[in-house]
Amino acid sequence: MGNHVLRLENLTMQFGGVVAVNDLSLHIDEGEIVALIGPNGAGKTTAFNMITGVYAPTNGAIYFHDEMIVSNHPQGKMRQNYQGSHPEKFPQVLVKTPDQITKLGVARTFQNIRLFKSLSVFENVLIAKHMHSHANVFSATFRLNAREERQQRQETMELLRILGLENLKDEVASSLPYGQQRRLEIARALATQPTLLLLDEPAAGMNPQETDELTAFIRQIQKDFHLTVFIIEHHMDLVMEISNRIYVLDFGQTIAQGTPEEIQNNPRVVEAYLGVPEDAED
Amino acid sequence: MMMKKSMRILLSGFLVLLVAVFLLMVEQDKAQNGMLLSVLEKGVILAVVAVAMNLLNGFTGLFSLGQAGFMAIGAYTTAILLIPVDAVDSVYYMNGINPGIKAFKTLLESAPGAVQMAYPYLALIVGGLMGALFAALIGIPVLRLKSDYLAVATLGFSEIIRAILSSPQMDTITNGSYGLNKIPGFSSILITFIIAGVCIGLMALLIRSTYGRAFKAIREDEIAAEAMGINLFRHKELSFVVSSFFTAIAGGMLAMFMRSIEAKTFSITLTYDILLIVVIGGLGSITGSVIGALLVTASKEWWLRFFDTPLSIGGISIPLFRPGFRMVVFSVLLMVVVLFYRRGLMGDREFSWDGLYGLIKRLIKRQRPSKGGAA
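Residues numbered from 1 in each chain as written. Chains lettered and ligands numbered in written order. Predicted model: local features only at pLDDT ≥ 70, side-chain atom pairs only at ≥ 80, totals over all residues.

Draft legend 1. Here's a closer look at the overall build of chain A. The number of helices and strands found in chain A is 11 helices and 10 strands. For 282 residues, the compact-globule estimate of 2.2 N^0.38 gives 19 Å, and chain A sits close to it at 20 Å. Referenced to the eigenvectors of the C-alpha coordinate spread, the extents of chain A come out at roughly 70 × 45 × 35 Å. Across the 282 residues in chain A, those meeting the buried criterion constitute 41%. Pairs at least 24 apart in sequence give 66% of the contacts found in chain A among residues at least 6 apart. (Helix = DSSP H or I, 4+ residues; strand = E, 2+ residues; numbered from the N terminus. Rg over C-alpha atoms; globule rule 2.2 N^0.38 Å. Buried ≥ 20, exposed ≤ 12 C-beta atoms within 10 Å, placed from the backbone. Contact = placed C-beta atoms within 7 Å.)

Okay, structure coming up:
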């Protein structure tokens, strides 16, 4: 078993007749940057949604620091289909809600940016500190937590300074340029003090220069905040440059895994991305 | 340019003093200022409900229409507790009062003087707690619903409460469809203002605390809020319970203001009136709700009264001016606001001394060049 930060075991997610993720197993070690790639609709975001508790998987289990956080949860008709598979392995039905998983130290960003649009940059990050607050409604209303509040505000300022968002702190989130919105979303995720950061297509819609900046940025925060990073991305330059290992997903199944060099030369990956040449089919 | 904090506190203190002096002066001549007094008192009570509704609809993003129901719970609880023992038999002349309640009230009457003094306030708080209890129970199934479904469910709940309160089975407690009267009120309008101020102040403090930020996060994006470690259900329930607590307290205050209540008072139209106030004031603005409450109450009860009285110009009577026309004007007003001024009076901004200072400065600046042009 070892001390993997994250381990997925035989994870399957079936929506009606569509198997979005099929028997996915992978592991991520401490301090690694691991990428999950694959064509559109391969089930990458579904995998993220299962890890963060948004979806309950039909079968399989997810361990975070060797603690089970999510386990099989077949519903309706699926119950009969999956009851039989690995019953000895996954006897428990367990799904933590997304907020509980965030509290354990898993933070994420979203494919289509989900900022608190009409709030300021500062408030966006400060909200992430709420879950660390010890105040209850009464102590918060009567300002008995003033010391904690002040400390949270200081930490937020500090974080904004490190990430270079300091002079945008009073801007409304939706008014930021696209690249800064992405950066703010990462800042907000970091404010929850995670050990594992899940990035869902952070470079989507960015030009090559912005992508380069982002690559450096991810590497920087990985080092500064002692993070383990799990990233979904389509920009191959970024993926090949920063990841230690890569998993390739196609039609919900892992078709390859390995270092960037191994993946680049893997014929099955090329096939999944480019299709099979017609003359090779015979 | 920001003002010093001490300056802002000084200005706010001065404003409070000004309001208090104004109220005392108005109250000197009750007969002359009867309309003004009742508009002010009702306005400030509705302001509490409006801010409570804003906490839920404007800040947490939960579209609830159950306000009238929670007001009814608070009003009836407070009223039953407050009706003096001597008056009980004449109030419940048809069906008699539940002996348990009467025994309890008689027991309270023999309590020491200090308790007697605090009793009206305690009755209001008990009413509020009753509202909060019902909100906590109803919230468990209802808060899983989204947007319009939540509105329909809470609206239904409010109607159920009204039906139960006026049902014959409740005769010995709520006096059924006869309603309750002889409810003692506060001796001075100042007390109503102080209670309302405390309620609104508490809600404002909550909204500006870490919990208020979590509420706003839920309003902005539920999925992202959850990913930030905010427990959706717990925070929605909290917002719902707090909002209902203050709504029920305001219901109790309304009962004390009106001196007599019946179930019909708390029908859907009451919720709509409050919704109108919140929308006119601006969703997401506390000061907007307060200003909206005073404005709407004043126009409805006072300034726009002439729409309801027959009017004739030059001997020809205008056919539209008859009882009820005021409500038509009001509905049109709501439509106009929703169509053209969707953000209401204040939008989601709040009143601040700095804002006022800036506004005055801008007005002066705008005037100067025009003066120069004229010369």
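Draft legend 2. Main features of the nonpolar core. Ala47, Val48 and Met71 of chain B are the most contacted members of the largest nonpolar core, which totals 163 residues. Not counting the four nearest positions on each side in its chain, Ala47 of chain B is found in contact with Ala196, Ile200, Ser289, Val290, Ala293 and Leu294 of chain B. (Core = buried A, V, L, I, M, F, W, Y, C linked by C-beta atoms within 7 Å.)

Draft legend 3. Up close: the pairing of strand 1 (residues 6–15) of chain A. All names here are of chain A. Within strand 1, 8 of the 10 residues are buried, leaving the element largely enclosed by the surrounding structure. Relative to strand 4 (residues 59–64), strand 1 runs antiparallel, the two being bridged by 5 bridges. Across the sheet, the residue bridging to Arg7 is Tyr63, located in strand 4. In the sheet, strand 1 pairs with strand 2 (residues 18–28) via 7 bridges, with the strands oriented antiparallel. Opposite Leu11, over in strand 2, you have Leu24 as the bridge partner. Where strand 1 folds back on strand 2, the antiparallel hairpin that results is connected by 2 residues, among which Gly16 adopts a positive phi of roughly 55°. (Pairing = 2+ DSSP bridges.)

Draft legend 4. Structural detail: the interface of chain A and chain B. Taken residue by residue, the interface counts 26 residues in chain A and 21 residues in chain B. Secondary-structure elements contributing two or more residues to the side of chain A that touches chain B are helix 3 (98–104), helix 4 (121–127) and helix 5 (137–141) of chain A. The biggest single contributor to the side of chain A that touches chain B is helix 3 of chain A, with 4 residues. When grouped by side-chain class, the residues that make up the side of chain A that touches chain B number 11 nonpolar, 7 polar and 8 charged. (Nonpolar A, V, L, I, M, F, W, Y, C, P; charged D, E, K, R; others polar.)

Just distances and angles here, no functional claims.
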